Amino acid sequence: MRIGIVGLGTMGRALAHNLLDHEVEVTGWNLEPDATALLAASRKEFLPATNLSALVASLGTPRVVLVMVPAGDAVDAIVDALVTHLGAEDIIIDAGNSHYEDTQRRATSMAAHGLHYVGLGVSGGEDGARHGPSMMFGGAEPAWKILQEPLARIAAQSEHGACITRVGP
């Protein structure tokens, strides 16, 4: 599986490292090219993208794009741009602490385009994102079936298993 990450600041970069450590391929893009170049310089297996179109083109189907930008207008701008590049059954994951009403609004809008929209809570800060976060998945069952295994690989582990659960639609 290859996941595209939009937003390679502290949290996005930490998640990219974690995914790469667990044999999930990553393509990434950041508005400021230096953040993309920094990750590319440190991880030869990371595929840098020069823009959203190139990021989406690098992904297999269903295409999975994790958005790790500040909650609010920035998420709306990225999601609006992604809609023009994605198709039915593709998945957008918002892991940037969006307000649940914004997540619900976006999920309804994306469903009208045939897309799955996931709100993913990522707990543990930078260290958790890098070495094993606790994650709360809010999204449709088909998206959960696709993402459960790769997300469980990067999650914190306990005697009860991976610290990830689907909390609902």
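Data block above holds the structure.
Residues numbered from 1 in each chain as written. Predicted model: local features only at pLDDT ≥ 70, side-chain atom pairs only at ≥ 80, totals over all residues. Heavy atoms only, no water.

What about the layout of surface pockets?
And then number 1: Roughly 370 Å³ of internal volume is contained in the largest pocket.
And then number 2: If you trace the largest pocket, you find 20 residues lining it, with Thr103, Gln104, Gly119, Gly138 and Pro169 closest to the centre.
And then number 3: Going through the elements one at a time, α5 (100-111) and β6 (116-123) are the ones with two or more residues in the lining of the largest pocket.
And then number 4: When the residues that make up the lining of the largest pocket are grouped by side-chain class, the tally is nine nonpolar, ten polar and one charged. (1 Å grid on protein atoms, 1.4 Å probe; cavity = no way out; pocket = protein on both sides within 12 Å on 5 of 7 lines; lining within 4 Å. Points joined across faces, edges and corners; volume = space filled by probe spheres on them. Helix = DSSP H or I, 4+ residues; strand = E, 2+ residues; numbered from the N terminus. Nonpolar A, V, L, I, M, F, W, Y, C, P; charged D, E, K, R; others polar.)

Details of the packing of helix α4 (residues 73-83) against α5
And then number 1: Taken N-terminus to C-terminus, the directions of α4 and α5 make an angle of 10°; their axes are 12 Å apart at the nearest point. Viewed along their axes, α4 and α5 adopt a mutual orientation that is roughly parallel. Contacts from Val75, Asp76, Val79 and Val83 in α4 reach Arg105, Arg106 and Met110 in α5.
And then number 2: Partitioned by chemical class, the residues of the contact of α4 with α5 number four nonpolar, no polar and three charged. (Axes fitted to C-alpha atoms, helices over the stretch in contact; angles between N-to-C directions. Parallel < 35°, antiparallel > 145°, perpendicular 65-115°, else oblique. Contact = heavy atoms within 4.5 Å.)

Focus on unusual backbone geometry
Most peptide bonds adopt trans geometry, and most residues besides glycine take a negative phi value.
And then number 1: Following Thr61, the chain continues into Pro62 via a peptide bond in cis, with omega recorded as -10°.
And then number 2: Looking at where Pro62 falls in the secondary structure, it is placed in the loop between α3 (52-57) and β4 (64-67).
And then number 3: The phi torsion at Glu23 lies on the positive side, around 60°, for a residue other than glycine.
And then number 4: In this structure, Glu23 sits in the loop between α1 (10-21) and β2 (25-29).
And then number 5: By relative accessible area, Glu23 is classed as exposed at 69%.
And then number 6: Phi at Glu89 is positive, roughly 75°, even though this residue is not glycine.
And then number 7: Take Glu89: it is sitting in the loop between α4 and β5 (91-94).
And then number 8: Look at Glu89 and you get partly exposed, because its relative accessible area is 44%. (Buried < 20%, exposed > 50% of the residue type's maximum accessible area, 1.4 Å probe, protein only.)

Concerning α4
And then number 1: Considered for burial, the residues of α4 that qualify are Val75, Asp76, Ile78, Val79, Leu82 and Val83. Looking straight down α4, one finds its buried side chains confined to an arc of 170°; they lie on one side. Turned more than 90 degrees off the buried face of α4, the exposed positions are Asp73 and Asp80. (Arc of directions from axis to C-beta.)

Notes on the environment of Pro150
And then number 1: As for its placement among the helices and strands, Pro150 is situated in helix α7 (residues 141-154).
And then number 2: Residue class for Pro150 comes out buried when judged on its relative accessible area of 4%.
And then number 3: Remark: the alpha-carbon pair of Pro150 and Ile93, spanning 57 residues in sequence, is separated by 13 Å.

Here we look at the side chain of Arg2
And then number 1: Relative to the assigned elements, Arg2 resides in strand β1 (residues 2-6).
And then number 2: A polar contact is formed between the side chain of Arg2 and the side chain of Glu25, at a distance of 3.3 Å.
And then number 3: In this structure the side chain of Arg2 is engaged in a polar contact, spanning 3.2 Å, whose partner is the backbone oxygen of Val26. (Polar contact = N/O pair within 3.5 Å; in protein donor to acceptor, adjacent residues only side chain to side chain.)

All quantities given are derived from atomic positions and should not be read as evidence of function.
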